[in-house]
Amino acid sequence: GGVARLDPSGTRIRGESHCLLIGDPGLGKSQLLKCAAKLSNRAVHTTGIGTTSAGLTVTAQRDAGGEWVLEAGALVLADGGLCCIDEFDSIKESDRTTIHEAMEQQTISVAKAGLVCKLNTRTTVLAATNPKGKFNLEESISVNCAMGTPLLSRFDIVMAMLDTRDEEWDMQVSSHILQFLANDGDAPFPPALSSPLLGKHWDMNKLKMYVSHVKQRFSPTLSASSEAILTAYYKHQRNGSERNAARTTIRMLESMIRLAQAHARLCYHDEVSADDAVAAVQVLESCQSPESMNQGLHVQGIDTPDDDFRRYHANLMIRLAL
C-alpha cells in the first residue's frame, strides 16, 4: 500500500489499498485470498456467508459476570494487516453499509449497550465476489456485481476475472491438473507459464519478509514528474467523453497515489518516480478496459516486459501531451 498522511485539518488519509476481485466461479479467487493472507504478518480470512455486520466490525455482548463487553470483528482484528473477505456478494446490503467508515476513515464508531468508543481498522481489504449470472462486458462493474457505487468507489482496484473459452488454454490447464494428481502434487508448469526465471523465485517466507521490510523501511514521497503524470491523467479521465462517473472521482486520484507509492516500495525506492506513476496508471487501465477483461485468464506472458513497459510509457506521454 501507500503512505498514510494527515491533512491540515487533522483528518487521516488512508494509505492502504483495497482490492475487489470479480470473477466467474471456479477461477481460484479463494486460493488467491489464501495466498495473500500468507504474505501478511497479520491477516484475517473470513467469508461473506458467515459474516454479519457484527462479525466484520464489532458487537456488544454480556460476559459471564453479566457486564456488557465489546467483541472485535474481522476488520478490527486485522488492524495493521490484511483482511480477506471471500464471497463478498453474500453479505446483506444492510450489513455492507457498516463497513463504509471502516474502509475509508479506517475507524469504527461504536455506541452499543451504553458503550461509546472508536476502534481502528487500519487494514487492507481484499475481497472476492461472483457476478450476477454470467459477467456481461456491456454492463458496468456495479451492475455485474450488484454493488452500490459508494461501496464500490472505496476499492482502489476492481479486477474482473473472466472464464472465456480457449481450447489451447483449456488443454494446458487440464493437463497440468491431471499431472499434478498423477505425480502426488508435483507437476511442471504449463508451457505458457514456463520461464528460466522460475527456478530462481523466492519462497513464501522470503517474500513475506521482503514485503514487511519495504513497508516499514520506505515512506515514498511524490516527485515533480510523478505528480505531473498523475495530475494530467486524472484531468484526462475527468474530461473524457466515455468516463465512468462512479470511478472518476477524487478517490481515483488518491488510489493512483497509493498504487504509485506501493510500486515505489516494491522497487525499493524512497521517491515515487515517473515509472512508478505510469505503472499505477497501467494497473488502473488494465482493470477498466473491456479489452483487458475479455482476455480473461489466458495470459501467455510477455517475453520482453521492459520493452513493453517503455512502449506503454511513451504512448501515455503522447496521450497526456507531456
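For the structure, see preceding data.
In this text the structure is predicted, and so the values were computed from the model without any measurement. (Residues numbered from 1 in each chain as written. Predicted model: local features only at pLDDT ≥ 70, side-chain atom pairs only at ≥ 80, totals over all residues. Heavy atoms only, no water.)

Participant: Pulling in residues and values, what's your account of a negative patch on the surface?
Facilitator: A contiguous patch of negative charge, built from Asp 163, Glu 167, Glu 168 and Asp 170, is present on the exposed surface. Note that Asp 163 resides in the loop between β11 (157-161) and α8 (167-182). For Asp 163, a relative accessible area of 38% corresponds to the partly exposed category. (Patch = residues over 30% accessible without salt bridge, like charges linked within 9 Å, V, L, I, M, F, W, Y side chains within 5 Å. Areas by Shrake-Rupley, 256 points an atom, 1.4 Å probe, with all protein chains shown as cover. Salt bridge = Lys/Arg side-chain N within 4 Å of Asp/Glu carboxyl O. Lys, Arg positive; Asp, Glu negative; His and termini not counted. Charge placed at Lys NZ, Arg CZ, Asp CG, Glu CD. Helix = DSSP H or I, 4+ residues; strand = E, 2+ residues; numbered from the N terminus. Buried < 20%, exposed > 50% of the residue type's maximum accessible area, 1.4 Å probe, protein only.)

Participant: Residue-level account of helix α12 (residues 274-288), with values.
Facilitator: With 15 residues, α12 should cover 21 Å at 1.5 Å per step; its first-to-last C-alpha distance of 21 Å lies within 8% of that length. Along α12, the positions that sit buried rather than exposed are Ala 274, Asp 276, Ala 277, Val 278, Ala 279, Ala 280, Val 281, Leu 284, Glu 285 and Cys 287. (Expected span 1.5 Å × (residues − 1).)

Participant: Pulling in residues and values, what's your account of the packing of aromatic side chains?
Facilitator: Inspection of every chain in the model, using the stated rule, returns 3 aromatic pairs. A centroid spacing of 6.0 Å and a plane angle of 90° characterise the contact between Phe 88 and Phe 155, whose relative ring orientation is edge-to-face. One end of the pair, Phe 88, is in the loop between β7 (82-86) and α4 (93-96); the other, Phe 155, is in the loop between α7 (149-152) and β11, and 67 residues separate them in sequence. With 4.6 Å between their ring centres and 75° between their planes, Phe 218 and Tyr 268 make a pair best called edge-to-face. Placement of the pair is Phe 218 in the loop between α9 (204-217) and β12 (221-222) and Tyr 268 in the loop between α11 (250-266) and β13 (271-272), with a sequence separation of 50 residues. Look at Tyr 268 and you get partly exposed, because its relative accessible area is 42%. Through successive ring pairs, a cluster of aromatic residues spans Tyr 210, Phe 218 and Tyr 268. (Phe/Tyr/Trp six-rings, centres within 6.5 Å; stacked < 30°, edge-to-face > 60°.)

Participant: Help me get a handle on the pairing of strand β5 (residues 58-62), residues and values and all.
Facilitator: Bridge count for β5 against strand β6 (residues 68-72) is 5 bridges, and the pairing is antiparallel. Bridge pairing in β6 places Arg 62 opposite Trp 68. If you look at the hairpin formed by β5 and β6, you'll find 5 residues sitting between the two strands, and Gly 66 has a positive phi there, around 90°. (Pairing = 2+ DSSP bridges.)

Participant: Tell me about the pattern of salt bridges, residues and numbers included.
Facilitator: Taken as a whole and judged by the stated rule, the model has 8 salt bridges. Between Asp 308 and Arg 311 there is a salt bridge, with the nearest N and O atoms lying 3.7 Å from each other. A residue pair is termed a helical-turn pair when its members lie 3 or 4 positions apart in one helix, as Asp 308 and Arg 311 do in helix α14 (residues 305-319) at 3 residues. Looking at Asp 308, the relative accessible area reads 26%, which means it is partly exposed. Each member of the salt-bridge network shares a partner with another, and the members are Arg 14, Glu 104, Asp 156, Arg 251 and Arg 258.

Participant: Account for the layout of surface pockets, with residues named and values stated.
Facilitator: Quantified by volume, the largest pocket comes out at close to 1600 Å³. Around the largest pocket sit 45 residues that line it, and Gly 1, Ser 17, Thr 124, Val 211 and Ala 262 are the ones nearest its centre. Contributions of two or more residues to the lining of the largest pocket are made by β3 (19-23), α1 (29-38), β10 (124-129), β11, α9, α11 and α12. Looking at the lining of the largest pocket, the element that brings in the most residues is α9, giving 8 residues. A class-by-class count of the residues in the lining of the largest pocket yields 23 nonpolar, 14 polar and 8 charged. (1 Å grid on protein atoms, 1.4 Å probe; cavity = no way out; pocket = protein on both sides within 12 Å on 5 of 7 lines; lining within 4 Å. Points joined across faces, edges and corners; volume = space filled by probe spheres on them. Nonpolar A, V, L, I, M, F, W, Y, C, P; charged D, E, K, R; others polar.)

Participant: Could you give an account of the environment of Ala 4, naming the residues involved and the relevant values?
Facilitator: Among the secondary structure elements, Ala 4 is positioned in the segment before β1 (5-6). Sequence separation between Ala 4 and Arg 258 is 254 residues; the distance between their C-alpha atoms is 8.9 Å. Leave out the neighbours within four places in its chain, and Ala 4 touches Arg 12, Ile 13, Arg 14 and Gly 15. (Contact = heavy atoms within 4.5 Å.)

Participant: Which residues make up the state of the cysteines, and what are the values?
Facilitator: Taken as a whole, this structure holds 0 disulfides when the rule is applied. In this model Cys 84 remains outside any disulfide bridge; the closest cysteine sulfur is found in Cys 83, 6.9 Å from its own. Judged by its relative accessible area of 0%, Cys 84 falls in the buried class. (Disulfide = S-S within 2.5 Å.)

Participant: Just give me the short version of helix α10 (residues 224-238), but keep the residues and values in it.
Facilitator: Look at α10: 21 Å from first C-alpha to last across 15 residues, which is about the 21 Å you get at 1.5 Å a residue. Inspection of α10 places Ser 226, Ile 229, Leu 230, Ala 232, Tyr 233, Tyr 234 and Gln 237 among the buried residues, and these make up the whole buried set. Close packing links the buried residues of α10 with β12, α11, β13, α12 and α14.

Participant: Break down the packing of α12 against α14 for me, with residues and values.
Facilitator: Where α12 contacts α14, the two axes come as close as 10 Å, and the packing angle between them is 85°. Our classification of the angle between α12 and α14 gives roughly perpendicular. Side by side, α12 and α14 meet where Ala 274, Asp 275, Val 278, Ala 279, Val 281, Gln 282 and Glu 285 of the first sit next to Asp 308, Phe 309, Tyr 312, His 313, Leu 316, Met 317 and Arg 319 of the second. For the contact of α12 with α14, the per-class residue count stands at 8 nonpolar, 2 polar and 4 charged. (Axes fitted to C-alpha atoms, helices over the stretch in contact; angles between N-to-C directions. Parallel < 35°, antiparallel > 145°, perpendicular 65-115°, else oblique.)

Participant: Report on the sheet that holds β3, specifying residues and quantitative values.
Facilitator: Spatially, 5 strands are ordered β4-β7-β10-β3-β11 in an open sheet, and the strand pairing comes out parallel. Strands at the two margins of the open sheet, each flanked by one partner only, are β4 (43-47) and β11. With direction set aside, neighbouring strand axes in the sheet form an average angle of 15°. Pairing geometry for β4 and β7, over 5 bridges, is parallel. Looking across to β7, one finds that His 45 is bridged to Cys 84.

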